[in-house]
Amino acid sequence: MKFKKIEIVFLVILGIISIILRFYGIDMPDFYGDESVQVMSIKDFIATKNVAFLQVFNHPPLFLLAVSFPALLFGINEYTVRIVDAFFGTLTVFIVYFLTRMWYRKRYAVLASILFAVAPLPVIYSRLAFGYTMSLFFTIASIFAIEYLISHKLDKKHELIMIFVSGALIALTFLTRFNSLPIFGLYWLFILSYSFLKEKSRFRKYLYYAFIIHIIALALFLLGILALGGISMLVYVIYQF
């Protein structure tokens, strides 16, 4: 992607607005009920290094693991616990811009990113430590990577890289939350149905992409769970899934 100076200026301003809305006063109010339970788990994990404490509310462990790093470095408080979702909420604004820019024109990318940057629900969820904003970033980034793969003519090396990146992002999505499963199902249903009906020459290629990307995603997801907590966590996560 090539960027003009005015576009770079817009992205800088967009970033500043997004950061202010997501980070300013993030330590207020006090922890919400669900946040408090997660804080107790983070405290126990930091104190004992027992990954079993990352298993909260039937969710995969990546979000609480990510939150544990700033909490370990700067202490456990409303700011350090919420900063992870605020960070990924800010990044999501940009990925919305780039994805919309790829699909449509720049003017629609500007509109979509501004709306997402200031919309109450994304802002509120970015200011609370629920993990859904982190999951949303990986979900949209996954779709962006797949769309880049299928819409650009890549040589074999870069094609394989984008296939792996797409699978890795999907794995990170499900290591964070399981909520995006219907989104990927509907996304691939549309891609494969449309290509079968309108672009049959591409159907087999897209079917191959869908298969190999999700095989990679599954393999990385399982490896991630095993690395974090071994067989016991794998059994727990599969059961909750």
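The coordinates are above.
Visitor: Give a detailed account of the packing of helix 1 (residues 5-23) against helix 4 (residues 78-103), specifying residues and quantitative values.
Guide: Close contact between helix 1 and helix 4 brings their axes to 10 Å; oriented N to C, the two are set at 150°. As judged from the angle between their axes, helix 1 and helix 4 are roughly antiparallel. The crossing of helix 1 and helix 4 is right-handed. Together, Glu7, Phe10, Leu11, Leu14, Gly15, Ser18, Ile19, Arg22 and Phe23 of helix 1 and Tyr79, Ile83, Ala86, Phe87, Gly89, Thr90, Val93, Phe94, Tyr97, Phe98 and Arg101 of helix 4 make up the contact between the two elements. Tallied by class, residues from the contact of helix 1 with helix 4 come to 13 nonpolar, four polar and three charged.

Visitor: Describe the packing of helix 9 (residues 181-198) against helix 10 (residues 200-240), naming the residues involved and giving the relevant values.
Guide: The N-to-C vectors of helix 9 and helix 10 enclose an angle of 160°; their axes lie 6 Å apart at closest approach. Judged by the angle between their axes, helix 9 and helix 10 are roughly antiparallel. Every pair of crossing elements has a handedness; the one defined by helix 9 and helix 10 is left-handed. Touching Phe184, Trp188, Ile191, Leu192, Ser195, Phe196 and Lys198 of helix 9 are Lys200, Phe203, Tyr206, Leu207, Tyr209, Ala210, Ile213 and His214, all from helix 10. Grouping the amino acids of the contact of helix 9 with helix 10 by side-chain chemistry returns 11 nonpolar, two polar and two charged.

Visitor: Mind laying out helix 3 (residues 62-74), listing which residues take part and the relevant values?
Guide: Taking 1.5 Å per residue as the helical rise, helix 3 with its 13 residues ought to reach 18 Å, and the 19 Å between its terminal C-alpha atoms agrees with that figure. When we look at burial in helix 3, the residues that qualify are Leu62, Phe63, Leu64, Leu65, Ala66, Val67, Ser68, Pro70 and Ala71.

Visitor: Explain a nonpolar patch on the surface residue by residue, including any values.
Guide: There is a patch of nonpolar side chains on the surface, built from Phe3, Ile8, Val12, Ile16, Ile20 and Tyr24 and spanning about 620 Å² of accessible area. Along the chain, Tyr24 turns up in the loop between helix 1 and helix 2 (33-48).

Visitor: I'd like a rundown of the nonpolar core, residues and numbers included.
Guide: One finds Met134, Trp188, Tyr209, Ile213 and Phe221 to be the most contacted residues of the largest nonpolar core, which totals 65 residues. Beyond its immediate stretch of four places on either side in the chain, Trp188 contacts Ile146, Ser193, Tyr206, Tyr209, Ala210, Ile213 and His214.

Visitor: Give me the lowdown on the pattern of salt bridges, citing residues and values where you can.
Guide: Pairs can form between side chains of opposite charge once their charged atoms are near each other. Evaluation of the coordinates by the stated rule reveals four salt bridges. Note that Glu7 and Lys106 form a salt bridge whose closest N and O atoms lie 3.5 Å from each other. Here Lys106 lies in helix 5 (residues 106-118) and Glu7 lies in helix 1, a separation of 99 residues in the sequence. Given a relative accessible area of 35%, Lys106 falls into the partly exposed group. A salt bridge links Glu159 to Lys156; its shortest N-O distance comes to 3.5 Å. In this pair, Glu159 and Lys156 are both assigned in helix 8 (residues 156-176), three residues apart and thus about one turn of the helix distant. For Glu159, a relative accessible area of 11% corresponds to the buried category. A relative accessible area of 54% means that Lys156 is categorised as exposed. One salt-bridge network, in which partners are shared between bridges, spans Glu7, Arg101 and Lys106.

Visitor: Lay out the side chain of Ser142 with the relevant residues and their values.
Guide: Assignment of secondary structure puts Ser142 in helix 7 (residues 132-151). Leaving out residues up to four positions away in the same chain, Ser142 has contacts with Ser166, Leu169, Ile170, Thr173 and Phe184.

Visitor: Could you give an account of the packing of aromatic side chains, naming the residues involved and the relevant values?
Guide: Under the criterion given, the structure shown has 19 aromatic pairs. Seen from their ring centres, Phe190 and Tyr194 are 5.9 Å apart, and the 25° between their planes marks the pair as stacked. Of this pair, Phe190 and Tyr194 are both found in helix 9, four residues apart, which corresponds to roughly one turn of the helix. The class of Phe190 is exposed, set by a relative accessible area of 54%. Classification of Tyr194 by relative accessible area gives partly exposed; the value is 41%. Pairwise contacts between aromatic rings join Tyr32, Tyr125, Phe130 and Tyr132 into one cluster. For Arg177, the ring lying beneath its charged end belongs to Tyr132, and the centroid distance is 5.4 Å. A cation over a ring is seen here: Lys200 above Phe196, with NZ or CZ 5.2 Å from the ring centre.

Cut-offs and rules
- Residues numbered from 1 in each chain as written.
- Predicted model: local features only at pLDDT ≥ 70, side-chain atom pairs only at ≥ 80, totals over all residues.
- Heavy atoms only, no water.
- Axes fitted to C-alpha atoms, helices over the stretch in contact; angles between N-to-C directions.
- Helix = DSSP H or I, 4+ residues; strand = E, 2+ residues; numbered from the N terminus.
- Parallel < 35°, antiparallel > 145°, perpendicular 65-115°, else oblique.
- Left-handed = near helix turned anticlockwise from the far one by under 90°.
- Contact = heavy atoms within 4.5 Å.
- Nonpolar A, V, L, I, M, F, W, Y, C, P; charged D, E, K, R; others polar.
- Expected span 1.5 Å × (residues − 1).
- Buried < 20%, exposed > 50% of the residue type's maximum accessible area, 1.4 Å probe, protein only.
- Patch = residues over 30% accessible without salt bridge, like charges linked within 9 Å, V, L, I, M, F, W, Y side chains within 5 Å.
- Areas by Shrake-Rupley, 256 points an atom, 1.4 Å probe, with all protein chains shown as cover.
- Salt bridge = Lys/Arg side-chain N within 4 Å of Asp/Glu carboxyl O.
- Core = buried A, V, L, I, M, F, W, Y, C linked by side-chain atoms within 4.5 Å.
- Phe/Tyr/Trp six-rings, centres within 6.5 Å; stacked < 30°, edge-to-face > 60°.
- Lys NZ or Arg CZ within 6 Å of the ring centre and 35° of its normal.

Nothing here speaks to function; it is all geometry.
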